[in-house]
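The primary structure of each chain is shown beneath.
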Amino acid sequence: MLPQYLKNYPTVTVAAGTTVLQQGQSCQHCLIVSQGRVKVFARARDGRELLLYRIEPEQLCVLTTACLLGGEPFPAEAISETEVTAHALPINDFKQLLLSEPEFQQRVLKGFSQRLSALMAQMESLTLHSLDQRLHHYLCQQAARGNRFDCTHQDIATEIGSSREVVSRHLKTLEQQGLLQLGRGHIILLKPEAFVLG
């Protein structure tokens, strides 16, 4: 649960699909999500997207934190995947809490540690694993939740660090092999036993 000193800050609510922060934008607030989920991703000049992480309830955005501390513009993009409610801490209050609230210091440092470890694992995957391996891993994760799941080819491309066109070709090959069925905005795994994490 969020401590009371954070709950006292005003809340903001945004609809699903709303751009919360744009690349190059100045950060003036630290948003701590209380409900919903925000996707943070990098966008290349050619339009390709790479998921960096998601912000879940009671978490804050480590890139925003870094920007508030360093005075740098936001280096990625953040979009709400669901309706999101968050507490907004102005930059001066954020810095004051870092100095005066040990629990908040711990929250920020723990967030940095967890995100750094996750990003290092992601970079390792992008560097050492082929696209086929990354796509297989993604499908295995989805299969663990059920045989049918909603997504677009662009969603998958963002998740695994590829382009939509390449992902579409690979998915079509898997469909031709009888492993899955492609639908508009969804995928059905016809042979879920083929998508089990080893």
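That block above? That's the structure.
Rules used throughout
Residues numbered from 1 in each chain as written. Predicted model: local features only at pLDDT ≥ 70, side-chain atom pairs only at ≥ 80, totals over all residues. Heavy atoms only, no water. Core = buried A, V, L, I, M, F, W, Y, C linked by side-chain atoms within 4.5 Å. Buried < 20%, exposed > 50% of the residue type's maximum accessible area, 1.4 Å probe, protein only. Helix = DSSP H or I, 4+ residues; strand = E, 2+ residues; numbered from the N terminus. Contact = heavy atoms within 4.5 Å. Disulfide = S-S within 2.5 Å. Salt bridge = Lys/Arg side-chain N within 4 Å of Asp/Glu carboxyl O.

A.B. asks: Any chance you could explain the nonpolar core here in plain terms?
C.D. replies: The nonpolar side chains of a soluble globular protein tend to be buried, and buried together. Of all hydrophobic cores here, the largest spans 29 residues; its most connected members are Leu6, Ile32, Val40, Phe74, Leu89 and Phe104. Elements represented by at least two residues in this core include exactly helix H1 (4–7), strand E3 (29–35), strand E4 (38–43), strand E5 (49–55), helix H2 (62–70), strand E7 (84–90), helix H3 (91–100) and helix H4 (102–128). In contact with isoleucine 32, not counting residues within four places along its chain, are Leu2, Leu6, Glu58, Gln59, Leu60, Ala86, His87, Leu89 and Phe104. In terms of nonpolar packing, the next biggest core, distinct from the first, is built from 19 residues, Leu131, Leu139, Leu174 and Ile187 among them.

A.B. asks: I would appreciate a short explanation of the state of the cysteines in the present structure.
C.D. replies: As used in these notes, a disulfide is a covalent bond between sulfur atoms, one from each of two cysteines. Per the counting criterion, the structure on display carries zero disulfides. This cysteine, cysteine 27, is not joined by any disulfide, and cysteine 67 carries the nearest cysteine sulfur, 4.0 Å off. Of all cysteine sulfurs, the one in cysteine 151 lies closest to cysteine 140, which takes part in no disulfide; the gap is 14 Å. Relative accessible area serves as the criterion here: at 3%, cysteine 140 is assigned to the buried category.

A.B. asks: Would you explain the pattern of salt bridges in this entry?
C.D. replies: Working definition: two side chains of opposite charge can pair if their charged atoms are close together. Tallied over the entire structure, the rule returns nine salt bridges. Between glutamate 165 and arginine 164 there is a salt bridge; the shortest N-O distance is 3.2 Å. Among the charged side chains, a salt-bridge network with shared partners connects Arg37, Arg54, Glu81 and Glu159.

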